[in-house]
Amino acid sequence: MERLRGVFLILDNLLLENQLMTRHFLSLMDLTADELHKLVYRAIELKREFKAGVPCVAMKGKTLALIFDKSSTRTRVSFEVAASQLGGNSLFLSPSESQLGRGEPLEDTAKVLSGMVDVVVIRTGGHEKIETFASHSSIPVINGLTDLFHPCQILADIQTYVEHRGEIRGKRVAWIGDGNNVCHSWMNAARQLGFDLQLAIPPGYEPDKALLESCQSQASLSASPVEAVEGADLVVTDVWASMGQESERTKRLKAFEGYQVDPMLMSHASENALFMHCLPAYRGFEVSAEVIDGPQSVVWDEAHNRLHAQKALLEYLLN
Ligand code: CP
Ligand code: NVA
């Protein structure tokens, strides 16, 4: 009996050690600036290699699980295709089809999946849920969007900027609209990668205060959309009502009046400024059709780069 208890203790310690050593990607702050920089350039390289027919088997024999309790087109498709192009497999778990929807604790699910798959992507609401899952997981956990952050999106956005205009360090980026999850990840990116971020956000919809304070050398609130966009190299926006905020739509439409990215606003940006939107977009609300479908918009490259950026991320976390 004593010996058996000893064996269990060793196994428990090994599991704990594994959990402590596992790298997760819950926010852009989980990697160093140097790691982020390398990931972006590796994504560009992987994209070129894939187009040239050079195989990459970083996930050979490995499985990615996706646990999504919110809708997704880009994140789900890009991760599933990424796993396949890297020689691995993927499986999609929606709460309604798994025991999570019937109340099985996240902690137990994390321990079970840790013994069966190699990496997990989670899309959920409360950020604390993904943190709980990660703290009980001995395999890497990737944030596929929470109410607080959307770090995978920003990896692809930075890749897109670098491909079109070169290094983002020292550039000026304007965020127009809601101080939401995507905005928070842009704030972390400004801090990590050294660019200036001007935020034009209606009163009451500002980003997290503590996060803004921690990014104050790189990110600040502007008095108006025009002031934020003045001389910007890149203008970014997102939906005015995120997933889970559908009931606030009418109130938000009113509060965000004057915050649409339209040709007039873009005319204040630098002459060769780019426009980005993580998508899905609502033309006529946060952005006009002329801008999103116009020559400064790189939204399709941005969406397609989700695939390449996430391939680089999977390769990095797994190897
Ligand atoms: N941008 C983005 O994450 O899109 P999906 O919601 O379609 O995954
Ligand atoms: N802010 C949006 C992003 C969608 C990709 C949301 O959370 O719904």
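For the structure, check the block above.
Here the residue index of a chain counts from 1 through its sequence in written order. Labels are handed out in written order, letters beginning with A for the chains and numbers beginning with 1 for the ligands. It should be noted that, the model being predicted, local features are given only for residues of pLDDT at least 70 and side-chain atom pairs only at 80 or more, the latter also being counted only at that level, while totals for whole chains, interfaces and linings use all residues. Hydrogens and waters are ignored; side-chain quantities use all the structure's heavy atoms.

Describing the packing of helix H4 (residues 106-114) against helix H5 (residues 127-135)
What counts, and what does not: To obtain each axis, a line is fitted to C-alpha atoms, and for helices this fit is confined to the stretch in contact; angles are then taken between N-to-C directions over 0 to 180 degrees. For the purposes of this entry, the term helix denotes a DSSP run of H or I that reaches at least four residues, the term strand denotes a run of E that reaches at least two, and both are numbered from the N terminus. With respect to orientation, any angle under 35 degrees is reported as roughly parallel, any angle over 145 as roughly antiparallel, any angle of 65 to 115 as roughly perpendicular, and every other angle as oblique. Here is the rule for handedness: rotate from the far helix to the near one, and if that takes an anticlockwise turn smaller than a right angle the crossing is left-handed, while a clockwise turn gives right-handed. Two residues qualify as a contact provided that any one of their heavy atoms is within 4.5 Å of a heavy atom in the partner residue. Only Asp, Glu, Lys and Arg are considered charged in this grouping, and only Ala, Val, Leu, Ile, Met, Phe, Trp, Tyr, Cys and Pro are considered nonpolar; every other residue, Gly among them, is considered polar.
Two numbers describe how H4 lies on H5: the axes approach to 8 Å, and their chain directions differ by 45°. The pairing of H4 with H5 is recorded here as oblique in orientation. For the pair H4 and H5, the sense of crossing is right-handed. On H5, the residues touching Leu 106, Glu 107, Thr 109, Ala 110 and Leu 113 of H4 are Lys 129, Thr 132 and Phe 133. Grouping the constituent residues of the contact of H4 with H5 by class yields four nonpolar, two polar and two charged.

Brief notes about the site of ligand 2
Let me state the cut-off plainly: If a single non-hydrogen atom of a residue is within 4 Å of a molecule or strand, that residue counts as near it. In the analysis that follows, any N or O atom pair within 3.5 Å is treated as a polar contact, provided that within protein one partner can donate a hydrogen and the other can accept it, and provided that, for residues neighboring in sequence, both atoms belong to side chains. To measure how exposed things are, a 1.4 Å probe is used in the Shrake-Rupley method; for residues, cover is taken only from the protein chains shown.
Surveying the vicinity of ligand 2 reveals the residues Leu 145, Asn 180, Asn 181, Asp 238, Val 239, Ser 242, Met 243, Cys 278 and Leu 279. A distance of 2.8 Å is found between an oxygen atom of ligand 2 and a side-chain nitrogen or oxygen belonging to Asn 181. Contact between ligand 2 and Met 243: an oxygen atom at 2.8 Å from a main-chain N or O atom of the residue. Bound to the protein, ligand 2 loses 94% of the 260 Å² it would expose on its own. Classifying every residue of the shell around ligand 2 gives five nonpolar, three polar and one charged.

A short note on the packing of aromatic side chains
Which entries qualify depends on this criterion: In this analysis, rings of Phe, Tyr and Trp, with Trp reduced to its six-membered ring, are considered paired at centre separations within 6.5 Å, and the interplanar angle assigns stacked below 30 degrees, edge-to-face beyond 60, and tilted for intermediate values. Relative accessibility under 20% of the residue-type maximum defines a buried residue, over 50% an exposed one, and the middle range a partly exposed one, all with a 1.4 Å probe and only protein chains included. Any Lys NZ or Arg CZ that is within 6 Å of a ring centre and within 35 degrees of that ring's normal is treated as a charge sitting over the ring.
Evaluation of the coordinates by the stated rule reveals six aromatic pairs. Plain terms: the ring middles of Trp 186 and Phe 195 are 5.8 Å apart, the flat faces sit at 75° to each other, and that makes the pair edge-to-face. In terms of burial, Trp 186 and Phe 195 fall into one category: buried. When the ring of Trp 240 is compared with that of Phe 285, the centres are 6.5 Å apart and the planes differ by 85°; the resulting orientation is edge-to-face. Here Trp 240, found in the loop between strand S8 (234-237) and helix H10 (249-255), pairs with Phe 285, found in the loop between strand S9 (274-277) and helix H12 (289-292); they are 45 residues apart in sequence, far enough to count as distant. We classify Phe 285 as partly exposed; its relative accessible area is 29%. One cation-aromatic arrangement involves Arg 76 over Phe 92; the distance from NZ or CZ to the ring centre is 3.5 Å. Stacked on the ring of Phe 285, the Lys or Arg Arg 249 has its end atom at 5.1 Å from the ring centre.

Points about the side chain of Asn 181
The topology assignment puts Asn 181 in helix H7 (residues 181-193). Relative accessible area serves as the criterion here: at 7%, Asn 181 is assigned to the buried category.

Overview of H7
The criterion, for reference: Any helix carries an expected span of 1.5 Å times its number of residues minus one.
Between its first and last C-alpha atoms H7 spans 18 Å; for 13 residues at 1.5 Å apiece the expected length is 18 Å, and the two agree. Across the 13 residues that make up H7, a large majority, 12, are buried. By the burial criterion, the buried members of H7 are Asn 181, Val 182, Cys 183, His 184, Ser 185, Trp 186, Met 187, Asn 188, Ala 189, Ala 190, Gln 192 and Leu 193. N-cap assignment for H7: the residue whose side-chain oxygen lies 3.1 Å from the backbone N of Val 182 is Asn 180. Just downstream of H7, Gly 194 is the residue with a positive phi angle, here 75°.

Focus: the sheet that holds strand S7 (residues 219-221)
The strands that make up a sheet are held in pairs by hydrogen bonds between backbone atoms, and each pair lies either parallel or antiparallel. Note the following rule: Two strands make a pair as long as DSSP finds a minimum of two bridges between them.
Overall, parallel pairing links the five strands, which are arranged S7-S6-S5-S8-S9 in an open sheet. If you trace the sheet from one side to the other, it starts and ends with S7 and S9, each paired once. Neighbouring strand axes in the sheet, compared pairwise and without regard to direction, differ in orientation by 20° on average. Both strand S5 (residues 172-176) and strand S6 (residues 196-200) contribute to a ladder of five bridges, which runs parallel. Note that in S6 the partner of Arg 172 across the bridge is Asp 196. Across the sheet, H7 lies against S5, S6, S7, S8 and S9, angled at about 155° from S6, the strand it touches most.

Notes on the pairing of strand S1 (residues 63-68)
Where we set the bar: Look down the strands so they point away from you; if the path from the first strand over the helix to the second goes clockwise, the crossover is right-handed.
Across the six residues of S1, six count as buried, placing the element largely inside the fold. Examined bridge by bridge, S1 and strand S2 (residues 89-93) share five bridges and lie parallel to one another. In the sheet register, Thr 63 faces S2, and the bridge partner there is Asn 89. Note on the crossover from S1 through helix H3 (residues 74-85) to S2: the handedness is right-handed. Taken together, the five bridges between S1 and strand S3 (residues 119-123) define a ladder with parallel strand orientation. By the bridge assignment for S3, Ala 65 is matched with Val 120.

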